[in-house]
Amino acid sequence: MITKLYTKSPVFIQNIFISIYGYYWKNRRYGGCFNQKLTDFKKHEKFSKDQWEDYQTKELRRLLVHAFTTVPYYKDSYEKSGFSIQDFKQFDLSDLHKLPYLEKDDLRKFGTTTLLSSNRKRGKFYSSSGSTGTPVKIYFSKEFHQTWSALYEARVRNWANVNYKVPRAMIGGRRVIPTAKSAAPFYRYNFAESQAYFSAYHISNTTASEYIAGLKKSKAVYLVGYATSIYLLAQSIENQQLKAPQLKAVLTSSEKLTQNMRQIIENVFQCKVFDAYSGVEACGLISENDEKELLFSPDSGIMEVLNAEGNYVNYGETGEVVATSLLNYDQPLIRYRIGDTVRISKNQQTRSGYQMLKIEEIEGRTEDIIMGSGGQKMVRFHSVFIDIKSIIMSQVIQTSHTQLAIKLVVDNSYEKGKSEKIMLKRIKSQLGEVTIEFLYVDTIAKTANGKYKAVISTI
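Now for a description of the structure that goes with this document.

### Regarding the overall build of the chain
Here comes step 1: A tally of regular secondary structure across the chain gives 13 helices and 20 strands.
Here comes step 2: In terms of overall size, the chain behaves like a compact globule, its C-alpha atoms giving a radius of gyration of 22 Å where 459 residues would be expected to give roughly 23 Å.
Here comes step 3: Its C-alpha atoms put the chain at 65 × 50 × 40 Å along the principal axes.
Here comes step 4: Considering the chain as a whole, with its 459 residues, one finds that 54% of them fall into the buried category.
Here comes step 5: Carbon and sulfur atoms provide 50% of the accessible area of the chain, an area that totals close to 20800 Å².
Here comes step 6: Considering the chain, the positive charge centre built from 63 side chains and the negative charge centre built from 46 side chains are found 8 Å apart.

Take a look at the structure:
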């Protein structure tokens with residue numbers, strides 16, 4: 001009902017809707033324990049390696065005892081593996097490899113039931129982007145949301161010399177512009193947070209000047225959002241030989257940021273780019289400081305980087321990320337195979353002095369770009385599949401500007417006619433008139449690096 005009313009309303013009414021929503025989000029993220037957690041995270045930045053090891057050991061033991069006693073999934077899994085509560089009270093970081101993995105499919109199946117703590121605080125579920133084709137639901141209580149927001153403030157915004165209180169612009173996945181053919185302005189304004197939320201679905205050479213006008217009018221100090229979307233905007237501005245307002249920082253996430261993308265963004269907006277990696281699972285945070293060092297925050301979680309045999313890789317090598325969150329006690333994710341790969345820096349000395357694991361490159365998040373018939377460029381399709389029951393995996397393939405194929409792996413309860421109608425409507429609202437072929441398969445092939453690619457373009 002509210003969505004329909006928003007869609008039919010004029011822009012100034014849509015801004016009011018978004019501002020009301022923004023007021024709710026501001027209180028949810030920055031109220032409660034936020035300030036105390038922010039203080040704690042800033043204190044941790046001074047830790048030595050020994051202090052970090054002591055901290056993680058203590059927090060891991062506390063988490064495992066909690067999971068064993070209040071989370072049915074882990075109680076059953078760890079008992080079958082021969083562990084007792086006494087084992088977890090004296091558990092060491094070096095013992096972590098003895099625990100079984102939490103697979104993405106397990107999280108999909110049990111995330112809303114037996115993976116929840118019986119002592120969980122009141123909260124709500126948020127869907128992941130499904131970059132590997134399988135969206136999952138992550139449980140956030142207010143306290144966890146405030147804790148994670150404090151970590152983001154300390155290690156992303158503050159490391160980029162900005163904060164949540166100053167005006168900002170954002171390019172994200174929310175459908176703030178109702179249809180693919182909407183006219184300017186291509187953003188809506190959240191007065192509660194001084195935030196201009198730009199559409200990721202209308203970026204093109206012909207709209208670049210309108211995005212610049214929006215940045216100027218909103219007086220944005222910094223820009224945050226999907227790496228590829230921000231790059232596509234910067235590229236369009238450069239192609240049209242336009243001048244963008246100088247920003248203090250650009251914060252990218254969610255997709256692989258290449259050196260070429262970074263250079264174009266920095267040239268166009270005349271500021272540094274600060275990349276980060278986490279995901280809605282919030283199992284750990286990798287973020288970039290002013291020295292251009294990508295560092296893993298040890299108080300966000302424990303990150304194991306493993307080779308194909310399940311052994312820890314050496315410095316300078318690439319491996320799969322297996323993550324254990326130290327912050328979410330309501331839906332603990334322990335040894336979770338998140339599906340991404342990173343390369344650890346060979347030289348672990350930092351110019352910043354922070355004693356945190358240094359990452360050379362965040363790999364495995366590149367997605368191809370889908371182009372609409374009107375020149376729209378898109379990379380994010382997770383909203384197409386969210387809340388459609390029984391979709392196990394998906395893959396979008398573009399063969400021409402007007403033709404898409406969607407591969408789907410579904411289970412027996414899948415409602416074909418109803419689901420296809422929903423997906424068709426969602427895609428056309430983003431790309432305009434396109435022909436879509438639905439292909440039902442038993443599995444979706446992996447890429448050479450063992451990943452599932454959610455988006456493929458052959459044009």
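### Points about the packing of aromatic side chains
Here comes step 1: Scanning the entire structure with this criterion turns up 29 aromatic pairs.
Here comes step 2: Here Phe 47 and Trp 52 contribute two aromatic rings whose centre-to-centre distance is 4.9 Å and whose plane-to-plane angle is 70 degrees, an arrangement assigned as edge-to-face. There is no split in this pair, since Phe 47 and Trp 52 are both buried.
Here comes step 3: When the ring of Tyr 126 is compared with that of Phe 140, the centres are 5.5 Å apart and the planes differ by 90 degrees; the resulting orientation is edge-to-face. Separated by 14 residues along the polypeptide, Tyr 126 in strand E1 (residues 123-127) and Phe 140 in strand E2 (residues 137-141) bring together distant segments of the chain.
Here comes step 4: Ring pairs connect the aromatic residues Phe 68, Tyr 73, Tyr 74, Tyr 78, Phe 83, Phe 88, Phe 91 and Phe 110, which therefore count as one cluster.
Here comes step 5: Above the plane of the ring of Tyr 101 lies Arg 337, whose end atom (NZ or CZ) is 4.9 Å from the centre.

### Points about the sheet that holds strand E9 (residues 286-288)
Here comes step 1: The 12 strands are arranged E4-E5-E3-E6-E7-E8-E9-E10-E14-E13-E12-E11 in an open sheet whose pairing can be described as mixed. One side of each edge strand has no neighbouring strand; the edge strands of this open sheet are strand E4 (187-190) and strand E11 (301-306). Direction aside, neighbouring strands of the sheet carry axes that sit 30 degrees apart on average.
Here comes step 2: Sheet topology places strand E12 (residues 318-325) next to strand E13 (residues 336-344); five bridges connect them, and they run antiparallel. Bridge pairing in E13 links Glu 320 to Thr 341.

### Quick notes on the sheet that holds strand E19 (residues 435-440)
Here comes step 1: Overall, mixed pairing links the four strands, which are arranged E19-E18-E17-E20 in an open sheet. Only two strands of the sheet have a single neighbouring strand rather than two, namely E19 and strand E20 (455-457). Pairs of neighbouring strands in the sheet enclose a mean axial angle of 20 degrees, with direction left out of account.
Here comes step 2: The pairing of strand E17 (residues 391-400) with E20 spans three bridges and is classified as parallel. Considered in E20, the bridge of Ile 397 is made with Ile 456.
Here comes step 3: Packing of helix H13 (residues 416-431) onto the sheet brings it into contact with E17, strand E18 (403-410) and E19, and relative to E19 it is tilted by some 140 degrees.

Conventions used here
Residues numbered from 1 in each chain as written. Predicted model: local features only at pLDDT ≥ 70, side-chain atom pairs only at ≥ 80, totals over all residues. Heavy atoms only, no water. Helix = DSSP H or I, 4+ residues; strand = E, 2+ residues; numbered from the N terminus. Rg over C-alpha atoms; globule rule 2.2 N^0.38 Å. Buried < 20%, exposed > 50% of the residue type's maximum accessible area, 1.4 Å probe, protein only. Areas by Shrake-Rupley, 256 points an atom, 1.4 Å probe, with all protein chains shown as cover. Lys, Arg positive; Asp, Glu negative; His and termini not counted. Charge placed at Lys NZ, Arg CZ, Asp CG, Glu CD. Phe/Tyr/Trp six-rings, centres within 6.5 Å; stacked < 30°, edge-to-face > 60°. Lys NZ or Arg CZ within 6 Å of the ring centre and 35° of its normal. Pairing = 2+ DSSP bridges. Axes fitted to C-alpha atoms, helices over the stretch in contact; angles between N-to-C directions. Contact = heavy atoms within 4.5 Å.

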